[in-house]
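Inside the fold
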Amino acid sequence: MTRRPGKAVLGGLAANAVLVLAACSGNDAAQGPTQLSPTGTRSSSASTGTTSGSAGAPDTSSPRASAGSPTTPATPPPTAPISLTMVMSGDVLLHEGLWATAQHDAERTGRGAMDFRPILANMRSVVTGADLAICHMETPLAPKGGPYSAYPIFSVPPEILPALKWEGYDACTTASNHSIDKGFEGLKRTIADFDRIGLAHFGTATTKAASRRPLVVDVRGVKVGLINATYGTNGIPLPEEAPWSVPLINTDKILWMAHRARLDGARIVIVGLHWGLEYDHEPISDQTSVAETLMASPDISFVYGHHAHVVQPYDKVNGKWVVYGLGNAIAQQDTAVTGVYDGNTARVTFVERPDGSFGVSTLEYIPTMITPYDDADPTGHPMRWLNVPQDLADPTYAALRPQLLATQARVRQNVNLLGALKRGVTEGR
């Protein structure tokens, strides 16, 4: 990272419960601005709670003080609890319309053969405003220059990675049902591309040792553990030489990884799961069962998911928040299903408690909308990832106001399917 910075085996052994195999189709930080050092540690440019100047110094105008008499040291002011804000967004699932848009944008901006930054730009302030920002890179990356392919076997332009880094993401999950669409070689190439540009990743692994370690990052002095797993790989067998390369949802292993993260010093542990039934807003029983098991552990702080490609609800499970499905971040799915162009980014703020643990103080959903690709006029109607509340107020998008309002209403309804709004979840922007 370089910026400011059990028994249930889902999608694994046949004897265990398996999630539905469905192929993908065609805040303010409390302590001010932050940076992420080259070693992966965020450092804050704001005060750490100490004060400078003469506050608390002896009053030398007093005869007793000037005579050298002992004085009572001033009580230091209390240190404010640490507050960390994190954002997680849904599937980055590249189809032809997205990379065609990136080609047209590159012709205009002059940035290489493809420029994905204009597609992502409207959400950049949300991403860069977080202390930790996590994306989900669903598919393997092709060699530079291609060949590229989309559904059903994905191999997508690697130019997306520098754009995600520019967007402000610190890390991306990589475990999905498409992780081995191009075999172990494609998986290794994808991870090498992440490493090459200095964007952290978690989920898939190229070595057995790496597959057994959670990613632990330092965010403004607080270690955060990150774990990722998927329900399956669309029936594609795991590589014989590397069956550990794609982590399948196994609650025992996830709990073990979470405990290991704690032993490695993590004070917050976040689990991102690729799960659920595509195009279904309601979480299925496998999701709720896994959530119940994971959230019974004191080691896990927060669980969120992707894969359904539509927005799923937020809910409290065993007193802790689960975001079942964020929907798509960017995708161009060829389906009549309403909602695949809707999405949301979760923004969660953790605050330090008196005992040193961290709990969620605020949880927001930020509705997003993807503008569709127009084959007849791609330059006039490019794909864009819009921040719905922000862009409703922007005259540039006045013509899209009906669609933005419809997306906002659908996202709100689906986030609230299990009553999250009454429990304090709010819309952000």
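In this text, all values refer to a predicted model and were calculated from it rather than measured experimentally. (Residues numbered from 1 in each chain as written. Predicted model: local features only at pLDDT ≥ 70, side-chain atom pairs only at ≥ 80, totals over all residues. Heavy atoms only, no water.)

**Comments concerning the overall build of the protein chain**
Definition in use: Strands here are runs of E lasting at least two residues and helices are runs of H or I lasting at least four, both read from the DSSP assignment and numbered beginning at the N terminus. When a residue's accessible area, from a 1.4 Å probe over protein chains only, is under 20% of the maximum for its type it is buried; when over 50% it is exposed; and in between it is partly exposed. Accessible surface is estimated by sampling points in the Shrake-Rupley manner with a 1.4 Å probe; for residues, cover comes only from the protein chains shown.
Counting its regular elements, the protein chain contains eleven helices and 19 strands. In the protein chain, which comprises 429 residues, the share counted as buried stands at 54%. Of the roughly 17,500 Å² of accessible surface on the protein chain, a fraction of 54% belongs to carbon and sulfur atoms.

**Describing unusual backbone geometry**
Residues Gly146 and Pro147 are joined by a peptide bond in cis, for which omega reads 10 degrees. Within the secondary structure layout, Pro147 lies in the loop between strand E5 (132–137) and helix H5 (160–167). At the junction of Tyr151 and Pro152, the peptide bond is cis and its omega measures out at 10 degrees in the coordinates. Notably, Asn234 is not glycine yet its phi reads approximately 60 degrees, a positive angle. Tracing the chain through its elements places Asn234 in the loop between strand E9 (222–230) and strand E10 (249–250). Positioned with a positive phi, His309 is a non-glycine residue whose angle comes to about 70 degrees. Note on placement: His309 falls in the loop between strand E12 (302–306) and strand E13 (314–317). Its relative accessible area of 0% is what places His309 among the buried residues.

**Remarks on H5**
Using the following cut-off: An arc is given here, and it is the one of the directions from the helix axis to the C-beta atoms.
For H5, the full list of buried residues reads Ile160, Leu161, Ala163, Leu164 and Glu167. Buried residues of H5, seen end-on, are gathered within an arc of 160 degrees and therefore sit on one face of the element. Two residues or fewer past H5, Gly168 is found with a positive phi of approximately 115 degrees.

**Here's the deal with the pattern of salt bridges**
To keep it simple, the criterion reads: When a carboxyl oxygen of Asp or Glu lies within 4 Å of a side-chain nitrogen of Lys or Arg, that pair is called a salt bridge.
This model, assessed by the stated rule, comprises twelve salt bridges. Among the ionic pairs, Glu352 bridges to Arg267, the shortest N-O distance being 2.7 Å. Residue Glu352 is located in strand E16 (residues 342–352), and its partner Arg267 is located in the loop between helix H8 (251–263) and strand E11 (268–274); the two are separated by 85 residues in the primary sequence. Note that Glu364 is salt-bridged to Arg347, the shortest N-O span being 2.9 Å. In this pair, Glu364 is assigned in strand E17 (residues 358–370) and Arg347 in strand E16, connecting sequence segments 17 residues apart.

**A few points about the pairing of E13**
Residues in a regular strand point their side chains to alternate faces of the sheet. Cut-off, in case you're wondering: Pairing between strands requires that DSSP locate at least two bridges from one strand to the other.
Looking at chain direction, E13 and strand E14 (residues 320–323) are connected through four bridges and run antiparallel. Looking at the pairing, Asp315 lines up with Val322 of E14. Counting the residues between successive antiparallel strands, the hairpin from E13 to E14 contains two residues, one of them, Asn318, with a positive phi of roughly 50 degrees.

**Re the packing of H8 against helix H9 (residues 285–295)**
How we decide: Axis lines are fitted through C-alpha atoms, for helices just across the contact stretch, and the angle between N-to-C directions can take any value from 0 to 180 degrees. Throughout, a crossing is termed right-handed when the near helix is turned clockwise from the far one, and left-handed when it is turned anticlockwise from it by less than a right angle. Residues count as neighbours in contact if any of their non-hydrogen atoms are within 4.5 Å of one another. In the scheme used here, Gly and all other residues not listed as nonpolar or charged are polar, with Ala, Val, Leu, Ile, Met, Phe, Trp, Tyr, Cys and Pro taken as nonpolar and Asp, Glu, Lys and Arg as charged.
Two elements in contact, H8 and H9, have axes separated by 10 Å at closest approach and are oriented at 30 degrees. In this structure, the crossing between H8 and H9 has a hand that is right-handed. Here H8 contributes Thr251, Ile254 and Leu255 to the contact with H9, which in turn contributes Val290, Thr293 and Leu294. Looking at side-chain class alone, the contact of H8 with H9 contains four nonpolar, two polar and no charged residues.

**Re the packing of aromatic side chains**
The condition that has to hold: Any two of the Phe, Tyr and Trp rings considered here, Trp counted by its six-membered ring, make a pair once their centres fall within 6.5 Å; the pair's planes then place it as stacked at under 30 degrees, edge-to-face at over 60, or tilted in between. Over a ring means this: the NZ of a Lys or the CZ of an Arg is within 6 Å of the ring centre and within 35 degrees of the ring normal.
Taken as a whole and assessed by the stated rule, the structure comprises five aromatic pairs. With a centroid separation of 6.2 Å and an interplanar angle of 85 degrees, the aromatic rings of Phe184 and Trp244 are classed as edge-to-face. Taken together, the residues Phe184 in helix H6 (residues 183–197) and Trp244 in the loop between E9 and E10 connect sequence positions 60 residues apart. According to the relative accessible area criterion, Trp244 is partly exposed, its value standing at 21%. Between Phe302 and Phe350, the aromatic rings sit 6.3 Å apart at their centres with planes inclined by 80 degrees, giving edge-to-face as the arrangement. Separated by 48 residues along the polypeptide, Phe302 in strand E12 and Phe350 in strand E16 bring together distant segments of the chain. For the pair formed by Phe302 and Phe350, the shared burial category is buried. For the cation-ring pair, Arg124 lies above Trp166, with the distance from its terminal atom to the ring centre recorded as 4.3 Å.

**Focus on the sheet that holds E14**
If you trace the six strands from one edge of the open sheet to the other, you get E8-E9-E11-E12-E14-E13, paired in mixed fashion. A single partner strand is all that each edge strand has here, and the edge strands are strand E8 (215–219) and E13. Direction aside, the axes of adjacent strands within the sheet are offset by 25 degrees on average. Sheet analysis places E8 next to E9, joined by five bridges and oriented antiparallel. Bridge pairing links Val219 to Val222 in E9. Seen against the sheet, H9 touches E11, E12, E13 and E14 and runs at an angle of roughly 150 degrees to E14.

**Details of the state of the cysteines**
Definition in use: Note that a disulfide, as used here, is simply two cysteine sulfur atoms within 2.5 Å.
The full count for this structure, using the stated rule, is one disulfide. Shown here is the disulfide that connects Cys135 with Cys172, its sulfur atoms set 1.9 Å apart. Looking down the S-S bond of the Cys135 and Cys172 bridge, the torsion is 85 degrees, so its handedness is right-handed. Of this pair, Cys135 sits in strand E5 while Cys172 sits in strand E6 (residues 171–173), placing them 37 residues apart in sequence. Each of the two residues, Cys135 as well as Cys172, counts as buried.

**Quick word on helix H11 (residues 401–415)**
Quick reminder: α-helices carry 3.6 residues per turn. Residues three or four places apart thus point the same way. Filter applied, for reference: What a helix is expected to span follows from its residue count: subtract one and scale by 1.5 Å.
Taking 1.5 Å as the rise per residue, H11 with 15 residues should run 21 Å; its terminal C-alpha atoms sit 21 Å apart, in good agreement. Taken together, the buried positions of H11 are occupied by Leu404, Thr407, Gln408, Val411, Asn414 and Val415. Looking straight down H11, one finds its buried side chains confined to an arc of 140 degrees; they lie on one side. Across from the buried face of H11, at angles greater than 90 degrees, the exposed residues are Pro402 and Gln413. Elements in contact with the buried residues of H11: E13, E16, E17, strand E18 (385–387), helix H10 (388–392) and strand E19 (426–427).

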